[in-house]
Amino acid sequence: MKSVIIGQYIPGKGLFYRLDPRTKIIAVLLIMIAVFLLESITHLLIGFGIAFMLLIIGRISVIKVIKGLKPIMILLIFTFIFQIILNREGEMIVNHEMYLTLYTALFLVLAFVVWRVLVKFTRFRFTMFFLFVAGVYLILRYVDFGYQLLSPFNFQVYEAGLRMSAFVVIRLLIIITLSTVLTLTTKPTNLTQGLEKLMHPLKKIGFNSEDFALIISISLRYIPTIFDEANKIMLAQASRGADFSEGKLKDKLKQVISLLVPMFIIAFMRSEELANAMESRNFVPGNKRTRINELIFSYRDVIATAFSVLVLALAIVLKVI
Amino acid sequence: MGIRFNQVSYEYPSFAEGLYSAIRNINLEITEKNEFIALVGHTGSGKSTLAKHMNALIFPTSGSLEIYGNIITAKRNRKVKYNSIRKKVGLVFQFPEYQLFEETVEKDIMFGPMNFKITQEEAKKKAKEALNLVGLDDSYLSRNPYNLSGGEKKRVSIAGILAMDPDILILDEPTSGLDPAGRRVLMNLFQDINKKTGKTIVIITHDMDLVYQYFNRVLVLNDGNLIFDGEPEKLFRSEDLIKYHLDYPNTIKVLSHLNKELHLNLNIYQKTLEEALEEIKRGGLL
Amino acid sequence: MSYIEIRDLDFSYNGKKKVLESINLQVEKGEWIACLGHNGSGKSTLAKALVGLLEPELGEIEIDGLLLTEETAYEIRKKIGIVFQNPDNQFVGVTVRDDIAFGMENLCVPREEMIEKIDFYAKKVNMLDFLDKEPTNLSGGQKQQVAIAGILAMQSEIIIFDEATSMLDPFSREELIKYIRTLHKEGLTIIMITHDINEALLADKILVLNKGKIEAFEETEKIMKKREVFVESRLELPIALDLANALESNGNATKIRKKLWEYALTK
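Residues numbered from 1 in each chain as written. Chains lettered and ligands numbered in written order. Predicted model: local features only at pLDDT ≥ 70, side-chain atom pairs only at ≥ 80, totals over all residues. Heavy atoms only, no water.

### Thoughts on the interface of chain B and chain C
With 27 residues of chain B at the interface, the matching set in chain C holds 24 residues. Here chain B meets chain C over a buried area of about 2600 Å², counting both sides, of which 68% is carbon and sulfur. The largest contributions to the chain B side of the interface with chain C come from Asp 179, Val 254 and Leu 273 of chain B, which together make up 20% of the buried area. Across the chain B-chain C interface, the total number found is two salt bridges. Here Arg 184 of chain B makes a salt bridge to Glu 236 of chain C, at a shortest N to O gap of 3.0 Å. At the surface where chain B touches chain C, the tally comes to four residue pairs in polar contact (both at pLDDT 80 or more). Those elements that place two or more of their residues in the side of chain B that touches chain C are helix 6 (180-197), helix 9 (250-262) and helix 10 (273-283) of chain B. (Contact = heavy atoms within 4.5 Å. Buried area = accessible area lost by both parts, 1.4 Å probe. Salt bridge = Lys/Arg side-chain N within 4 Å of Asp/Glu carboxyl O. Polar contact = N/O pair within 3.5 Å; in protein donor to acceptor, adjacent residues only side chain to side chain. Helix = DSSP H or I, 4+ residues; strand = E, 2+ residues; numbered from the N terminus.)

If you want it as C-alpha cells, here you go:
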C-alpha cells in the first residue's frame, strides 16, 4: 500500500522534464568534462553561475538541490579542511598561534556536548555543525590560559591551499548540482532506457544493453514490493519474540538470520515465478524486441546538446590559450 | 484482562491520498479465555491493521489499547515490555514463508520460545508439544520446513507461535490457498485447540460458511470502522452484507432461493448441510 | 483432431514420484474447462506443461495442430497465455501500460499498433484509467485484469487461469469471473484451475485430477451427478447439490431437487 520513492525523481513540468534522457546524460557528461578542464577560479565561478542559471531556467527548487547535496556535504567540508591545512605552497596568508591547554580541552568537550544536544532538538543540523567547527577554531585560538597540554602550534593557511580548496569545492558543487538535476527530473525507467540506447554500440563487444536495461527496470519495479515484504517478515519474527532493538550480539545475529533467510527464499521463489511469467509471454533473452516507450529527440534536445557542446568547446579553448 | 481497544485509530502517510486511515475509533474487548472470534471485512477494510495492534506490532496513532494491563498509546513507553506482550498474544501471519527460516522444523519452532530466555531442553519440549497440538507427529521434527506441503508449512508456522504458549492466538487468513478438505481439517484443529486449552482464538477469514458454522462471535470491519460485533446469525439477519462487499453463507443463500422460487416458508438460518436438510424435510415436503 | 490434445502425458520432478500420470485429454475450440483437484494433485503442473514451461517425461501435447517441442514453444505461446496465482509475481512492467505491452514487445509488434491495442484491451478489462499507474497502487484483482489484457493483446486464443482467483477476496474474485465469462462468450478457449467448486460450475466441462491422474472429465451437469468422483478426490460438492442428492425423488422433493439443480448450475 505504501509506496517508496526510488531515486530522487520528483514529478514536475519545467524544461528539463521535457528533454530526452539521452540528451540529459550526454549534456551532463560534456559539462562535467568541461568543468575538469577549467583552470582558473574565475572561470569556475562563471561555470557555477551557469549551473545556477540552469536551475532557474528549469524552474527547479534550489532547496531540493541543496537537500540532494546533503549527503555529500561532509565530504566537501573535509576536502576543504584538508586542502587548507595540508597544502603549503604559495604565499602564507594566515598565521595564527593556537593553544591546547587544560581549559581548551574542557571547553572543547563542552562545545561538543552542546552541539550534540542541540542537534537532537533542532532541525538545522548543518548550521549547528558549522557553528561547532567555528567554535572549535575560536576555542583553540583564544583560550590560552591554564596548564599547557601541548606547546603552542601555528595554524597556517597558504594562498595555494585556499585557492585549491575553493577550486575543488566549487568543482564538486557544479558536478553534484548537475547530476542532481538529472536524477531529479528523469524517471528511473527513462534513465535506464537512455543508458540502454547510449550503450547500444557496446553490443559489438558482447554487452547486451537491452537485457541490462530490462534487469534494471525489473529491479526498480520490485524494490517497493521487496521493501514491503521485508517489513512484514520483520513483524512476523517480532511476533515470535525477536526484538530487533535489544538483546545480546549472539541473539541479534540469530534475529538477523531469521529476517534474511525468508527474504532470500521468497525472493528466489518470486524470481522463479517471474521468469515463468516472462517466458510464457514469449520473452527470450537477446531476441529483438520493439518498445512501447520510444525516446523522442526534439528541437529542445538539439538546443540542449548544442549548448553543452559549446560549453565544452569554450573550456577547451580556454585550456589551450 | 485480555485486550481492550479504546477509541483506537491508525493512520499512515500514503503518497496517493495523503494521510490514509486504516482503522477509525475502534472500541473492542477481547477476553483471554475461551473466545472463538471471526474477523471479517473486504480487502483494505483494516483487518490486518487491527490484528497487528493486538500484540503491539504497531501502535495506534490516536486512542489507546490495554493488553494484559499494559497501556499502549502512540508513544513508545520504556516501561512497557512489548516483547512480553507478544508472548501473551501470538499472531500468525498469512504466509508461513514469512517466518520459517531454520533447517529443521524443531529448530524453527524453538526460535519463539528461545527468544524468551528458557533452556534448550524446555524449548525442545515445547516444540514437540506444539507440533503435536497442530496435528503433526514427531517424525516432522527433523524435517526441513521448506520441503513440506503448503498445509504442513502452515501448521508448522502455527506451532511456532503456539510453542510460546500465548493466551490469545490470532491467525491471519489461515485457510487461504488450501483445498476444501484442508480448510475443514484446519478449522477443526483450531476449534479443538480452543476447547482443549481454553485459549482465545481470533481468525481473519473471508469464508462466510466457516464464520457461520464455527464461530460464536464475529467482528465486521468496513472502511476501518467496526460495524458489527456479535453473533454471526444476528449479523446475517440484521445487516445488508452486500453493501459491505461481503457474501452470505451458502446455506442461507440456497434456502432463501427455495423460499422465493417455490413460495415456501423455510427458516433460512441453518448452519450446516444436515440442519438445512432437516428444515427442507420439515417445511418443504408437506 | 481436437484443438488441444494431450496424449499419455507423464511428468515428475527430477525422476521422483510422478506428479502427472497417463494424462489423456481433448479440448475443443471455444470450450471452457474447469480443473479441480486437491492440493498437490498436479493441476498447476499440467498448466505449466501446456505452455511448455515444463518438459513432459513422456507423451505429447498438440495445440491447434502444432506439436509442442522446444522449437515450437515460441509459436505455441502466441496462441496460449497463462494468468498465474500470485498477481505480484507476473507484473513485469513499471506501469500498467508497460506491462500490457510486454508480450507484444517480445513479438516485435510495431509501436503504433501496440498503442492502439493497449487502449483497446485496457478498456476491455476496465483498466483504461490506470494506464500510468504503478503496480503498488493496484489491488490484486486489478493486477490480474492487467495480466489478462497483456495476454489478449498478444492475440492469444487460449487462456489458462492457474488459481488466478485464489489470492483475491470474494468481491474481486467475482469481478474476475465476470471477465472470464465475457472472454468465453467471445469464443476464447478457457482452462481454469481452481479450488472453488462454485467457480468450476460455470465451465462447460470439469476435469477432476486426483493424485496426478484424471479421475473424471465430463460435462459439468453430468459430473455433478457423480458424487463418488468428488468423495474419491477429496473434493466437496456445492451445498445445493449435496442437498439435492440427499432428497428422495417423489412428489414435492422432485420439485425442490429441480430448483436446487437450477440454482447450482445457473449462477
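Now that the structure has been shown, the text picks up again.
### Some words on the pairing of strand 7 (residues 158-162) of chain C
Looking along a regular strand, one sees side chains alternate from face to face of the sheet. Residues and elements named next belong to chain C. A large share of strand 7 lies buried, amounting to five of its five residues. Here strand 7 shows two buried faces, one formed by Ile 158, Ile 160 and Asp 162 and the other by Ile 159 and Phe 161. Here four bridges tie strand 6 (residues 80-83) to strand 7, and the two strands are oriented parallel to one another. Within the sheet, the bridge partner assigned to Gly 81 lies in strand 7 and is Ile 159. Looking at chain direction, strand 7 and strand 8 (residues 189-193) are connected through five bridges and run parallel. Looking at strand 8, one finds that Ile 160 is bridged to Ile 191. Since strand 7 and strand 8 lie parallel, the crossover through helix 6 (residues 170-185) that links them has a hand, and here it is right-handed. (Buried < 20%, exposed > 50% of the residue type's maximum accessible area, 1.4 Å probe, protein only. Pairing = 2+ DSSP bridges. Right-handed = clockwise from strand over helix to strand, strands pointing away.)

### Things to note about the domain arrangement of chain A
Segmentation of chain A into domains returns domain 1 (92-156) and domain 2 (209-285). Each of domain 1 of chain A and domain 2 of chain A has a C-alpha centre, and these two points are 47 Å apart. (Domains from an automatic or database assignment.)

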